[in-house]
Amino acid sequence: DTAVSQTPKYLVTQMGNDKSIKCEQNLGHDTMYWYKQDSKKFLKIMFSYNNKELIINETVPNRFSPKSPDKAHLNLHINSLELGDSAVYFCASSPRSNWGTEAFFGQGTRLTVV
Amino acid sequence: QQQVKQSPQSLIVQKGGISIINCAYENTAFDYFPWYQQFPGKGPALLIAIRPDVSEKKEGRFTISFNKSAKQFSLHIMDSQPGDSATYFCAASVTGGGNKLTFGTGTQLKVEL
């Protein structure tokens, strides 16, 4: 049973297109995240939701819009894709948001913008 | 501004040797310091974590050493095995900060036979 699952695993699209990445966790966690890993493998947080409420937004372009229909799902929609958006996007979840605890990561979605 | 600096960028160790990866942080509010392991094509997975009230934590072959005054922490992998070959990330977070992880730049470890 996959704890944090993302779809699709690979996404190749043209500049200017709009795409979505879906994420679901079956761990019963309250908090979910989106992280971006660039070509140099640097990991940086983009967003965090706690019980469907946005709690972290790390100065991400507003072309990126997360949506959390319930606490088990956190989707990422990206408008007007640019070449620089090419990266691996990881969804993660953790049991609580106020203090340090283990974050469980999905397998990632490799987005390639051509 | 890189709040968590990690070195070395890459590391080659012989099987059975000790792998050491170092991290330094700037934000004194950080109070949770995990290490994540990432294999190619997979997401990062928690390896071991420490809080600043202890100076060392050991789990099997993996040990974190923590120096609060120097604002440094390190991962030691004893008896390194080829299966340990992966990218290792240190990270840090602040209580009340939404469990936001600030990652180091990663260390690619290769353990040779």
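Note that this is a predicted model, so its numbers are computed, not measured.

Caption draft 1: Geometry of the layout of surface pockets. Counted as a void, the largest pocket has a volume near 380 Å³. In this structure, the largest pocket is lined by 21 residues; those nearest its centre are Gln37, Val88 and Arg110 of chain A together with Gln38 and Gly41 of chain B. Of the residues belonging to the lining of the largest pocket, the class tally is seven nonpolar, nine polar and five charged.

Caption draft 2: Geometry of the sheet that holds strand β3 (residues 19-25) of chain B. All names here are of chain B. As summarised here, the arrangement of the five strands in space is β1-β3-β8-β7-β6, forming an open sheet in which the pairing is antiparallel. Only two strands of the sheet have a single neighbouring strand rather than two, namely β1 (4-7) and β6 (56-59). Going across the sheet, the axis of each strand differs from the next one's by a mean of 15°, ignoring polarity. The sheet contact formed by β1 and β3 spans four bridges and is antiparallel. Bridging from a neighbouring strand, Gln6 pairs with Cys23 of β3.

Caption draft 3: A look at unusual backbone geometry. Put simply, Thr7 of chain A and Pro8 of chain A share a cis peptide bond, and its omega is -5°. Residue position: Pro8 of chain A is located in the loop between β1 (4-7) and β2 (10-13). Looking along the chain, the bond that leaves Ser7 of chain B and enters Pro8 of chain B is cis, with omega of -5°. Here Pro8 of chain B shows up in the loop between β1 and β2 (10-14).

Caption draft 4: The packing of aromatic side chains, seen in detail. In this structure the tally under the stated criterion is 17 aromatic pairs over all chains. With 6.3 Å between their ring centres and 35° between their planes, Phe64 of chain A and Tyr89 of chain A make a pair best called tilted. Here Phe64 of chain A, found in strand β7 (residues 64-70), pairs with Tyr89 of chain A, found in strand β9 (residues 87-94); they are 25 residues apart in sequence, far enough to count as distant. Residues Phe64 of chain A and Tyr89 of chain A agree in their burial class; the two are buried. Between the aromatic rings of Phe33 of chain B and Phe73 of chain B, the centroid separation amounts to 5.0 Å while the plane-to-plane angle is 55°, which identifies the pairing as tilted. Here Phe33 of chain B is found in strand β4 (residues 33-38), whereas its partner Phe73 of chain B is found in strand β8 (residues 72-77), with 40 residues between them in sequence. Each member of the pair Phe33 of chain B and Phe73 of chain B is classed as buried. A network of ring pairs unites the aromatic residues Tyr33, Tyr35, Phe90 and Phe105 of chain A together with Tyr36, Phe89 and Phe103 of chain B as a single cluster.

Caption draft 5: Spotlight on the environment of Phe90 of chain A. All names here are of chain A. Looking at the secondary structure, you find Phe90 in strand β9. A residue is classified by how much of its surface remains accessible, and Phe90, at 2% relative accessible area, is buried. Sequence separation of Phe90 and Arg110 is 20 residues, and the distance between their C-alpha atoms is 8.9 Å.

Caption draft 6: Representation of the nonpolar core within the structure. Residues Phe33, Trp35, Phe73, Leu75 and Tyr88 of chain B are the most contacted members of the largest nonpolar core, which totals 24 residues. At the level of elements, β2, β3, β4, β5 (45-50), β7 (62-67), β8, β9 (86-92) and β11 (107-112) of chain B are the ones that each hand at least two residues to this core. At four residues, β9 of chain B tops the list of elements feeding residues into this core. Counting residues in each nonpolar core, the second largest holds 20 residues, with Leu11, Met46, Leu74 and Val113 of chain A among its members.

Caption draft 7: Fine view of the side chain of Thr102 of chain B. Residues and elements named next belong to chain B. Looking at the secondary structure, you find Thr102 in strand β10 (residues 102-103). For Thr102, a relative accessible area of 15% puts it in the buried group. Here Thr102 is in contact with Gln3, Val4, Phe30, Cys90, Ala91 and Ala92, once residues within four sequence places are set aside.

Rules of the game
- Residues numbered from 1 in each chain as written.
- Chains lettered and ligands numbered in written order.
- Predicted model: local features only at pLDDT ≥ 70, side-chain atom pairs only at ≥ 80, totals over all residues.
- Heavy atoms only, no water.
- 1 Å grid on protein atoms, 1.4 Å probe; cavity = no way out; pocket = protein on both sides within 12 Å on 5 of 7 lines; lining within 4 Å.
- Points joined across faces, edges and corners; volume = space filled by probe spheres on them.
- Nonpolar A, V, L, I, M, F, W, Y, C, P; charged D, E, K, R; others polar.
- Pairing = 2+ DSSP bridges.
- Helix = DSSP H or I, 4+ residues; strand = E, 2+ residues; numbered from the N terminus.
- Axes fitted to C-alpha atoms, helices over the stretch in contact; angles between N-to-C directions.
- Phe/Tyr/Trp six-rings, centres within 6.5 Å; stacked < 30°, edge-to-face > 60°.
- Buried < 20%, exposed > 50% of the residue type's maximum accessible area, 1.4 Å probe, protein only.
- Core = buried A, V, L, I, M, F, W, Y, C linked by side-chain atoms within 4.5 Å.
- Contact = heavy atoms within 4.5 Å.

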